[in-house]
Amino acid sequence: MLQPESHEEFSARVRAFEQRLLDNVKDIFVPVHLSLGQEGVAADIYEHIRKEDWLFSTHRNHADYFAKGGSEQKLWDEIMGLESGLNGGFAGSQGISDKSINFFSSAIVGALVGVATGTAYALKLDGSKAIAVCVVGDGGTEAGVYWESANFSALHKLPIAFICVNNGKSVDATIEERQATPLVPRVAKFGINIAGSVQGAFALARSGRPSFYEAKVKLQGDHIYMSTLKPKEVIA
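The residue count restarts for each chain, going from 1 along the sequence in the order it is written. Side-chain atom pairs in this predicted model are given and counted only at pLDDT of 80 or more, local residue features only at pLDDT of at least 70, and totals for whole chains, interfaces and linings cover all residues. Only hydrogens and water are set aside; all other atoms, that is, all heavy atoms of the structure, feed into the side-chain values.

J.: Would you mind showing me how to read the overall build of the chain here?
T.: The number of helices and strands found in the chain is 9 helices and 9 strands. Overall, the chain is about 50 × 40 × 30 Å in size when its C-alpha atoms are taken along their principal axes. The burial tally for the chain puts 50% of its 236 residues in the buried class. Contact criterion: two residues are considered in contact whenever any of their non-hydrogen atoms come within 4.5 Å of each other. Put simply, of all contacts in the chain between residues at least 6 apart along the chain, 68% involve residues at least 24 apart. Where accessible areas are quoted, they stem from the Shrake-Rupley method and a 1.4 Å probe; at the residue level, only the protein chains shown are allowed to cover. Just so you have it, the chain exposes about 10,600 Å², and 55% of that area is on carbon and sulfur atoms. Counting rule for charge: Lys and Arg are taken as positive, Asp and Glu as negative, and neither His nor the chain ends is counted. For this purpose, a charge sits on NZ of Lys, CZ of Arg, CG of Asp or CD of Glu. Measuring between centres, the 23 positive side-chain charges of the chain sit 6 Å from its 27 negative side-chain charges. Comment: elements are numbered from the N terminus, with helices defined as DSSP H or I runs of at least four residues and strands as E runs of at least two. Between buried and exposed lies partly exposed: a residue is buried under 20% and exposed over 50% of the maximum accessible area for its type, with that area taken using a 1.4 Å probe on protein chains only.

Spelled out as structure tokens, the structure:
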């Protein structure tokens, strides 16, 4: 645990921050993807991640950033386009990074899966006790690099935990419309160890056994928000 907060306290803090974004959406001129309804997964990560670990997230990254110990004020300023923001106001909401806490994200779906895998490989070669944590949505598992990374991770027994936050939607396309078979059996066939929790996935990764945990969640609200979009214009 990085800070003395309970699972419930962390989740409440994330929801309060994102609710404040909603209340001020008229002042937001960059695409913002909230994690309302999904924050429990980040709370699990928060409880079990270590300072030396590396966390790679998605475009829906606010809760994950806080899970790694990120600053609320710096993120707020970043989303508002201020120079005092985390990345000088240039990253907006979707592509924030903070090298000081080993946190990275990307607006491109699945873009950091390969980077996370490469980081895990480097950690193994260095003899580090740290792990790489790769958060990905169900849509991100449809990228070819995901399966290449799964194969490479299993082949080299990398210290990596793939955490899939499955909200069943890719914008407005359901997972049943996009994927022919359940995700977990497909991942297992690559030799990735299936975990029943974030904690279990981290434990496997720390023992040199690449792991996968699928958290099925329900996103509350719209897929995306910004000042130029009407409420419920795009449904998650």
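J.: Is there a simple way to explain the environment of F104 in this structure?
T.: When you line up the elements, F104 lands in strand β3 (residues 103-104). Through-space distance from the C-alpha of F104 to that of F152 is 21 Å; in sequence the pair is 48 residues apart. Once residues lying within four places of it in the same chain are set aside, the contact partners of F104 are W54, L55, F56, S57, I96, S97, K99 and L112.

J.: Looking at this structure, how should I read the layout of surface pockets?
T.: In this approach a probe as big as a water molecule rolls over the atoms, and the regions it shows empty are the leftover space. Both cavities and pockets are sets of points on a 1 Å grid over the protein atoms alone; in a cavity a 1.4 Å probe fits but cannot get out, in a pocket the set is open with protein on both sides within 12 Å along at least five of seven lines, and lining residues sit with an atom within 4 Å of a point. Grid points are joined across faces, edges and corners, and a volume is the space filled by probe spheres set on the points. In this structure, the largest pocket occupies an estimated 480 Å³ of space. For the largest pocket, the lining is made up of 35 residues, of which T58, H59, R60, V136 and G137 are closest to its centre. Elements represented by at least two residues in the lining of the largest pocket include exactly α2 (39-48), α3 (62-67), β4 (132-137) and β6 (169-170). No other element matches β4, which puts 4 residues into the lining of the largest pocket. Of the residues assigned to the lining of the largest pocket, the class counts are 15 nonpolar, 14 polar and 6 charged. Space inside the second largest pocket adds up to approximately 230 Å³. The classification used treats Ala, Val, Leu, Ile, Met, Phe, Trp, Tyr, Cys and Pro as nonpolar, Asp, Glu, Lys and Arg as charged, and all other residues, Gly among them, as polar.

J.: I'm lost on the side chain of Q94 in this one. Help?
T.: Within the secondary structure, Q94 is located in the loop between α4 (72-79) and β2 (97-98). Look at Q94 and you get buried, because its relative accessible area is 17%. The residues contacting Q94, other than those within four sequence positions of it, are P31, H33, T58, H59, N61, S105, S106 and A107.

J.: In this structure, what is going on with the pairing of strand β9 (residues 211-216)? I would like to understand it.
T.: Looking down a regular strand, the side chains alternate between one sheet face and the other. Counting buried residues along β9, 5 of its 6 residues qualify, which places the element largely inside the surrounding structure. Between any two strands, pairing holds if DSSP finds at least two bridges. Of the pairings in the sheet, the one linking strand β5 (residues 160-166) to β9 comprises 6 bridges and is parallel in character. Each residue of the ladder has a partner; that of I163, found in β9, is Y213. Once the chain exits strand β8 (residues 193-194) it traverses helix α9 (residues 198-206) before rejoining the sheet at β9, and the crossover so formed is right-handed. Handedness is read with the strands pointing away from the viewer; a crossover is right-handed when the path from the first strand over the helix to the second is clockwise.

J.: Before we go on, may I ask you to explain the packing of aromatic side chains in this structure?
T.: Remark: the centre distance and the inter-plane angle together describe each pair of aromatic rings, the angle taken between the planes. Any two rings among Phe, Tyr and Trp, with Trp reduced to its six-membered ring, count as a pair given centres within 6.5 Å; such a pair is stacked if its planes are under 30 degrees apart, edge-to-face if over 60, and tilted if neither. Counted under the stated rule, the structure contains 11 aromatic pairs. Taking 5.8 Å as the distance between ring centres and 40 degrees as the angle between the ring planes, the aromatic pair formed by Y65 and F66 counts as tilted. By relative accessible area, F66 is classed as buried at 0%. Grouped by ring-pair contacts, the aromatic residues F17, Y65, F66, W76 and F103 constitute a single cluster. Above the plane of the ring of F66 lies R13, whose end atom (NZ or CZ) is 5.6 Å from the centre. Placement of a positive charge over a ring is assigned whenever Lys NZ or Arg CZ falls within 6 Å of the ring centre and within 35 degrees of the normal to the ring plane. Across the ring face of W76, the terminal group of R20 is positioned such that the distance to the ring centre comes to 3.8 Å.

J.: I'm lost on the packing of helix α1 (residues 7-23) against α4 in this one. Help?
T.: For any two helices packed against each other, one specifies the inter-axial angle together with the distance between the axes. Helix axes are fitted only over the stretch in contact, all axes being lines through C-alpha atoms; the angle between N-to-C directions runs from 0 to 180 degrees. Running from N to C, α1 and α4 point in directions that differ by 25 degrees, and their axes come no closer than 12 Å. It follows from the interaxial angle that α1 and α4 lie roughly parallel. Here α1 runs over α4; the crossing is right-handed. Seen from α1, the contacting residues are R13, F17, R20 and L21; seen from α4, they are E72, L75, W76 and I79. Class assignment of the residues belonging to the contact of α1 with α4 gives a composition of 5 nonpolar, no polar and 3 charged. Relative orientations are named as follows: roughly parallel for angles under 35 degrees, roughly antiparallel for angles over 145 degrees, roughly perpendicular for angles from 65 to 115 degrees, and oblique for any other angle. The sense of a crossing depends on the near helix, which, turned anticlockwise from the far helix by less than a right angle, makes the crossing left-handed and, turned clockwise, makes it right-handed.

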